[in-house]
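Single-letter residue listing:
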Amino acid sequence: MRVEPTLKFGAGPKPTRIDTRGLYCPVPILRTRDRLRSLEPGAVLEVWADDPAILVDMPAFCRSHGHEYLGHETQEGAWLVALRKK
Amino acid sequence: MARRSPEEMTRAGSSGEPPKKVLKALGLLSGGLDSTLAARLLQEQGVEVEGVHFSTGFCKVEHRRALGRKRDRLEPRRIRNEALRAGADLRAPVEIVDVAEEYLRDVVLRPKHGYGSAMNPCIDCRIFMLTKAREMARERGADIVFTGEVLGQRPMSQHRAALALIEKESGLAGRLLRPLSARSLEPTEVEHRGRIDRERLGRITGRSRSEQLRLASRFGIEDFPAPSGGCCFLADRNFARRLRDLVAQRGRDGVRSTDILLLKIGRHFRLGPELKVIVGRDEAESRLLESRRGDLATCRVADEHGALGLVDGPLEGESSRLVASLVARYSAHRAEESVEVVLCRAGEQVRLRAVPADDAWARERLI
């Protein structure tokens, strides 16, 4: 499965970003969950990760918890995935 | 009359019956077919399902993620978290809980009910997870806990007496539902009270998966992993030998989760009571060993980026020669008379020529 960059945040407040490079799933998902707790509904969170499993685990996490998965793009040899808190 | 929360709204409609609170269930969700089907059987009866997945540090898929082999990087579906995938398919939230330290200390190293064929403490594992799930269910207001266990499917932890023991010791007597085998087991409280229609649950027993596949087809579930008996390092006999060796050397109190990370990688050789060497089997393993070396010494053939040896123990005199000889044996230069090897500890490098070890000598020291 080859995944092409699709990230499009549109206009809005600057997203919050967490860096999980060097960590392997499920840790990036756990960090995402923890960070989301302190964000308001509708806030955008970007997760920087170099574990390729993030490309399948994050959409699944969003789908099961009702968050909106916004897509991903590559950045400095890693992936930046984004979601909007429900 | 006080206003009810959405959860308390009736599903009984206009039948005249008193409104019933939607039943809520928290399940151990591995993402395998059985736990997914168990959740679907409950959802089919209108039960609100949530899942929990405990990350123990012994999952082989998680290790493959860390190795980062090219084929997995190109096909991330191969290393996805199946519990998250199942939660997405079920439209049910799944909580992932990291229990690695506690699990190692209290379950793996001190199982009350012993090990299976390797170092798999299956009964204690279930009791540990279900005890935690019981507490989570209480916090979340879940009425029951469920699992995808099938009576008679696994020899150690899924025979009738083991299932009863697990239910009792996890403090879930009467509140632990196994939807796939429910009609072959004693009814739980929710079945007694008619909150769940027992007749719509399964009566699957044994190791055959034909009934599960039939159910999967009925529910339209097509995307699920192969049966997962081999996904736990603790059930792997090679891993178990290494863990036993480590416990014998350090004692239970001396084993840390960082040691467990190293036990999953490469070939392990014991060259002396206090000297162990781990040799990467390919570039991915050598890279991972390097990243997890901590303050351990490394040994590598001078002109190649292949096999890396990680040295746990003193590295001086005769032991240096043994380590160098072993690493030379697992390098691309193994057929040569002697090989230049670099030993590195605390930033200091020592070069020496080593004769590649004899195969039989190496095999005798393989853990």
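Rules used in this analysis
Starting afresh in each chain, residues are numbered from 1 along the sequence in its written order. Labels are handed out in written order, letters beginning with A for the chains and numbers beginning with 1 for the ligands. The predicted nature of this model means local features are confined to residues of pLDDT at least 70 and side-chain atom pairs, given and counted, to a pLDDT of 80 or more, with totals for whole chains, interfaces and linings taken over all residues. The helix and strand labels rest on DSSP assignments: H or I over at least four residues marks a helix, E over at least two residues marks a strand, and numbering proceeds from the N terminus. Neighbour density around each residue's C-beta defines its exposure: 20 or more other C-beta atoms within 10 Å make it buried, 12 or fewer make it exposed, and counts between make it partly exposed, where C-beta atoms are placed from the backbone. Note that contacts rest on C-beta atoms placed from the backbone: two residues are in contact if these are within 7 Å. Confidence of the prediction at every residue is given by pLDDT, a number between 0 and 100. Two strands pair if DSSP finds at least two bridges between them. Here the axes come from fitting lines to C-alpha atoms, over the contacting stretch only for helices, and the angles between their N-to-C directions go from 0 to 180 degrees. As used throughout, domain bounds are those supplied by an automatic or database domain assignment. Note on residue classes: Ala, Val, Leu, Ile, Met, Phe, Trp, Tyr, Cys and Pro are nonpolar, Asp, Glu, Lys and Arg are charged, and everything else, Gly too, is polar. Here a nonpolar core is just a set of buried residues of the types Ala, Val, Leu, Ile, Met, Phe, Trp, Tyr and Cys, joined wherever their C-beta atoms sit within 7 Å.

Caption draft 1: Just the overall build of chain B, in detail. Secondary structure summary: chain B contains 14 helices and 11 strands in total. Considered along the principal axes of its C-alpha atoms, chain B spans approximately 90 × 40 × 40 Å. Buried residues in chain B amount to 42% of all 367 residues. Across chain B, the fraction of contacts at a sequence separation of at least 24, relative to all contacts at a separation of at least 6, is 62%.

Caption draft 2: How the structure looks around the environment of C344(B). Within the secondary structure layout, C344(B) lies in strand 10 (residues 339-345). If we skip the residues at most four places from it in the chain, C344(B) touches A297(B), T298(B) and Q349(B).

Caption draft 3: Broad picture of the confidence of the model for chain A. Looking at chain A, the pLDDT average stands at 87 and 86% of residues meet or exceed 70. Residue range residues 1-6 of chain A is modelled with pLDDT below 50. Its contacts to residues more than four positions away, or to other chains, number nine contacts.

Caption draft 4: Representation of the sheet that holds strand 6 (residues 267-272) of chain B within the structure. Residues and elements named next belong to chain B. Sheet architecture is open: six strands sit in the order 6-7-9-8-10-11, paired in antiparallel fashion. Looking at the sheet topology across the chains shown, the edges are occupied by strand 6 and strand 11 (348-354). Each strand axis lies, on average, 25° off the axis of its neighbour in the sheet, ignoring direction.

Caption draft 5: Highlighting the pairing of strand 6 of chain B. All names here are of chain B. Of the pairings in the sheet, the one linking strand 6 to strand 7 (residues 275-279) comprises five bridges and is antiparallel in character. Across the sheet, the residue bridging to H268 is I278, located in strand 7. A loop of two residues connects strand 6 with strand 7, the two strands running antiparallel in sequence.

Caption draft 6: Region of the structure containing the domain arrangement of chain B. Domain boundaries assigned for chain B yield domain 1 (21-219) and domain 2 (266-364). Computed over C-alpha atoms, the centres of domain 1 of chain B and domain 2 of chain B are 42 Å apart.

Caption draft 7: Spotlight on the interface of chain B and chain A. Of the residues lining the interface, 22 residues belong to chain B; the matching set on chain A comes to 17 residues. Secondary-structure elements contributing two or more residues to the side of chain B that touches chain A are helix 2 (60-67), helix 3 (70-74), helix 4 (82-90) and strand 3 (94-98) of chain B. Residues that form the side of chain B that touches chain A fall into these classes: nine nonpolar, three polar and 10 charged.

Caption draft 8: How the structure looks around the sheet that holds strand 1 (residues 24-28) of chain B. Residues and elements named next belong to chain B. Strand order in this open sheet of five strands is 3-2-1-4-5, and the pairing throughout is parallel. Each edge of the sheet is formed by a strand with only one pairing partner; in this case those strands are strand 3 and strand 5 (176-177). Two elements, strand 1 and strand 2 (residues 48-55), share five bridges in a ladder whose sense is parallel. Considered in strand 2, the bridge of L26 is made with E50. Its contacts with the sheet put helix 6 (residues 122-140) on strand 1, strand 2, strand 4 (144-146) and strand 5, and the angle it makes with strand 1 is roughly 155°.

Caption draft 9: Local environment of the nonpolar core. All names here are of chain B. If you look at the biggest cluster of nonpolar residues, it comprises 111 residues, and the most contacted ones within it are V145, V323, V327 and V341. With nine residues, the single largest contributor to this core is helix 6. Shared between two domains, this core takes at least three residues from each, and those domains are domain 1 (21-219) and domain 2 (266-364). Residues within four places of V327 in sequence aside, it is in contact with V279, C299, R300, V301, A307, G309 and V341.

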